[in-house]
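# Examination of the molecular architecture
The lines below spell out each chain.
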Amino acid sequence: MNSLIIAGLLLVLLGLAYQSGWSRGRGLATADGVKVHSRPQYHGSYVAIWALLPALAIIGLWGWFGDGITHNFIVSQIPVDAIQALDQVGLNATIARIKALASGYGVAGDVLPYEQSAGDALRSFQFITFLIVVAAAAVAGIVALLYARSRITARHRARNAVERAINLLLLACSGVAILTTVGIVASLVTEALKFFTFINPLDFFFGTVWNPNNAGTAGNWGSYGLLPLLAGTLMITLIAMLVAVPVGLMAAIYLSQYAPRQLRAVAKPLIEILAGIPTIVFGFFALVTVGPFLRDAGNLIGLSINATSALTAGIVMGIMIIPFVSSLSDDILNQVPRTLRDGAYGLGATKSETIRNVLLPAALPGIVGAFLLAVSRAVGETMIVVLAAGNSPVLRGNPFEPVATITVSIVNQLTGDTDFAGPQSLVGFALGLTLFVITLCLNIFALFIVRRFREQYE
Amino acid sequence: MTDMLSTTQPSDERTRLIRASLARRHLSEAIFRGLGLAAIILALGFVALLFTDIVRKGIPAFTQSNLHLSVTFDPAVIDVDPAPVRTADQSEADFRAASLKWQRDVAMLNWNKVIEASLRAAAPAGFDIDTRQLLTIAETDARHRVRELFVNDPSLLGQTVQVDVLASANADNWIKGNINRDLGDAQQQLAAPARALIDQFEANGTITSGFAWSIFTNVDSRAAPASAGLLGAFVGTLWMMMVVILLAVPIGVASAIYLEEFAPKSRLTDLIEVNINNLAAVPSIVFGLLGAAVFINYMHLPISAPIVGGLVLTLMTLPTIIIATRGALLGVSPALRQAALGMGASKTQMVFHHVLPVTFPSILTATILGVAHALGETAPLLLIGMKAFVAAVPATPLDQATALPVQIYLWQGNENRNFFEPRTAAAIMVLLLVMIMLNGVAIYLRSKLEKRA
């Protein structure tokens, strides 16, 4: 309710300021013989910005400190002997009761006399402070409004000032990207460092046993060896690439070199549908369809394949990556100059010979870059592996067995638990940092290769 | 010279060799081409397989078995004081406490007995079944439904009304034939008399199948699987989308405008550029770690709340929107800019009055695609506690909630696989439908834009 009133008052102030600046600027324009620098809208906006900032600052200050001041006021209203009789929990309960009384909602049961009087006092205190804040904001806004209005003259460069403000706002928005990166790196690094105060980094990076003791007490936290997770991640990524690279690359070659126009117009968006499907859907598909199918197929030929295994997760993840590989490869194949292709045809090469001997070698660096980008996507993929990889963090080389990956372990260690006191949850950040560094390196390397290649023909 | 002469001179031997190799080369051409076609067919086959599989699995979940019971509010069973009425000198809190106490008293009554009586009334005369087995036919929340009817209208006491309740998940499975009917008693979820009674009910019309509206109108439920619905998750997703649209779109478009139109070439803007490109490639789960550490652990925003999910998804979507918007701005012809500047517009006026309106449709398209992508994201939401079981529709973005993809994750993990596998697939169909609709809107806008250009 209060915030609605404040928002309404701010809007009124804003409208008033704009109108007053606008009419002042308008008045200048009608005077004859004077050239006005800015149009009336800019004078209006200029005054509005001036009026809004101090009012916002005062309300912001109250929002920041107001709760603390109110709290102190309530405590000061409770008799000293009553405070001494209460522990922290009881005090908080009393404060909550006083607030309920002040709001007019009332409390269940009997009300102590001092609670009633404190509630009444709080009620008038809240009313008075509210009035003070609103009045202060209004006065500050109006003073600023009058000041800004007094500065408006024919030569006043209101437009430049407003545009500078817009520019600053735009710059601040782009700063969000930097803040996000800073936030990611800072949170990962600080929490990972906290983790390394519990566990030796050497044990983490080179340990071969992953067995976090989730119910562990101090001193018995279990082992946090990264290698089994890394091995699982790499195995699934490898399988995914074995599926996605041939299919994606051949699809790109066919679509860009052979396919008739109509087929290309239909097939390309259809394949790209795969890229838009949420990964949880792929995970479900892997879990209920692909996994059981692979198990049964394995039984037929005498192989024992687990329904949730590196193979299942890898194949489905490969399917997910196909459109990524194919559209990147398509772009890169299209960038190879026509003259190279025509030269090969002129020498009598068939289409496939041209593709294999001329196009692919010329596009190779770019395609490798695209594959690396696909790899980094596979390394960071979570939901498919959470559902379909089986979560068995043991070092083994058999793709038919369950594995665990870095992302799965992050989810397992951090889900629903945000009490970052022990290594059990902090390890999630060490794993996240590892994942971040791996994918960052892959991306930078891939972009480097792709960019390097592009320069060759431009 | 003689060498050249000899090679250019056609000889029978050479022609024969070339002819022979030609067949081989054409064969390898055909093979290569065939491989390409096979790759396309394989990729399209995956798309088709995925969709048909999900649809085939999900369709059965859209029908559900309903029990039509005539429920008697028997005063002998419903033995409770009349509902409290607020008196003049009572404070709001006291009245709330009194009516809560009354509702607790009502809840303590043996509502199962009411359900049992109406089930027995519907059964053929003389059918022998014990109470526990009988109650497994109706959904466990049937008693909550009947109780709620009474709480809302205490005057029902002593009356008999027609009430439709859901059949239990196991009964539903039995009717749909999801369970092999020939399995032995030990492997059946339902006891033999209960199974027989269900068949009787089906024959006499007490149980009918209907469209499963409850999927859309109910919230998730653990105790009563048959009534578990998507409404809570759907509303949670809507709240998150609202946060994403309100934050990611203005901030993303503003940063793209700054970088593309105003930014001087400086260390700072280079840094921003590199950052944005890197952020676009950071795995989504890392954003979840950021959310858990910064928004929840440091800023103490409420855990499991759509506002935190929305913030995390906003940060994730920002790079996509920025990159797409920059592309759109880059595509505006320089003539437009120069004309605006030539007419005396300032740079800001040029951007906001001339360039931006032209790019508006393609920015909108990119935004919708970015939001659609964020809509399907699951992993980061798990880390900020949106995996918690929530049995209420979130009224504000600060309430506990879950989201559609997370609901799918929760349902696929449910122990009652027979019942929840179709239901998970149905939830996926809803999610995919929403995404397809969003993409459809984006494609429509794009084609409209292309026509104008």
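Model, not experiment: these values are computed from the prediction. (Residues numbered from 1 in each chain as written. Chains lettered and ligands numbered in written order. Predicted model: local features only at pLDDT ≥ 70, side-chain atom pairs only at ≥ 80, totals over all residues. Heavy atoms only, no water.)

### A closer look at the UniProt feature "transmembrane region" (unreviewed entry) in chain A
Residue and element names in this part refer to chain A. Inclusion rule: UniProt positions are given in the numbering used here, feature names are shortened, and annotations may be inferred rather than shown by experiment. Numbering of helices and strands runs from the N terminus; a helix is a DSSP stretch of H or I covering at least four residues, while a strand is a stretch of E covering at least two.
Feature annotation in UniProt places "transmembrane region" (unreviewed entry) on residues 43-65, 127-148, 168-189, 229-253, 273-294, 300-325, 358-379 and 426-450, given in this structure's numbering. In the segment residues 43-65, helix accounts for 100% and strand for 0%; the C-alpha atoms at its two ends are 34 Å apart. Between the C-alpha atoms that bound residues 300-325 the distance is 32 Å, and the span itself is 65% helix and 0% strand.

### Topic: the packing of helix α11 (residues 267-281) of chain B against helix α13 (residues 306-330) of chain B
In helix packing, the relevant descriptors are the interaxial angle and the interaxial distance, both defined with respect to the helix axes. All names here are of chain B. In plain terms, the rule: Under this scheme, a helix contributes an axis fitted over its contacting stretch, all axes are lines through C-alpha atoms, and angles between N-to-C directions fall in the 0 to 180 degree range. To sort the angles, those under 35 degrees are grouped as roughly parallel, those over 145 as roughly antiparallel, those from 65 to 115 as roughly perpendicular, and the leftovers as oblique. Note: crossing handedness is left-handed where the near helix turns anticlockwise from the far helix by less than a right angle, and right-handed where it turns clockwise. By the convention used here, residues are in contact when the closest approach between their heavy atoms is within 4.5 Å. Only Asp, Glu, Lys and Arg are considered charged, only Ala, Val, Leu, Ile, Met, Phe, Trp, Tyr, Cys and Pro nonpolar, and every remaining residue, Gly among them, polar.
Interaxial distance between α11 and α13 falls to 9 Å at its minimum, and their mutual angle equals 120 degrees. The angle between α11 and α13 falls in the class oblique. Where α11 crosses over α13, the two elements pack in a sense that is left-handed. Residues Glu273, Ile276, Asn277, Leu279 and Ala280 of α11 touch α13, and the partners they reach there are Pro319, Ile322, Ile323 and Arg326. Grouping the amino acids of the contact of α11 with α13 by side-chain chemistry returns six nonpolar, one polar and two charged.

### A look at the UniProt feature "domain: ABC transmembrane type-1" (unreviewed entry) in chain B
Under the UniProt annotation, the feature "domain: ABC transmembrane type-1" (unreviewed entry) is placed at residues 234-442 of chain B. Secondary structure across residues 234-442 of chain B comprises 78% helix and 0% strand; the distance between its end C-alpha atoms is 21 Å.

### Concerning the domain arrangement of chain A
Counted only if it meets this: Annotation comment: domain bounds sourced from an automatic or database domain assignment.
Per the domain assignment, the segments making up chain A are domain 1 (2-156) and domain 2 (212-457). Computed from C-alpha coordinates alone, the two centres of domain 1 of chain A and domain 2 of chain A are separated by 54 Å.

### Some details on the domain arrangement of chain B
Here chain B is partitioned into domain 1 (2-60), domain 2 (62-219) and domain 3 (231-452). Measuring from the centre of the C-alpha atoms in domain 1 of chain B to the corresponding centre in domain 2 of chain B gives 65 Å.

### Some points on the environment of Ser21(B)
Residue and element names in this part refer to chain B. Put simply, the rule is: The cut-offs for exposure are 20% and 50% of the maximum accessible area for each residue type, with area from a 1.4 Å probe on protein chains only; residues under the lower value are buried, those over the upper are exposed, and the others partly exposed. Here a polar contact means two N or O atoms within 3.5 Å. Within protein one must be a hydrogen donor candidate and the other an acceptor candidate, and residues neighboring in sequence count only if both atoms are side-chain atoms.
Considering the arrangement of structural elements, one finds serine 21 in helix α2 (residues 12-58). Using a relative accessible area of 18% as the deciding quantity, one classes serine 21 as buried. A distance of 3.0 Å separates a polar atom in the side chain of serine 21 from the backbone oxygen of isoleucine 18.

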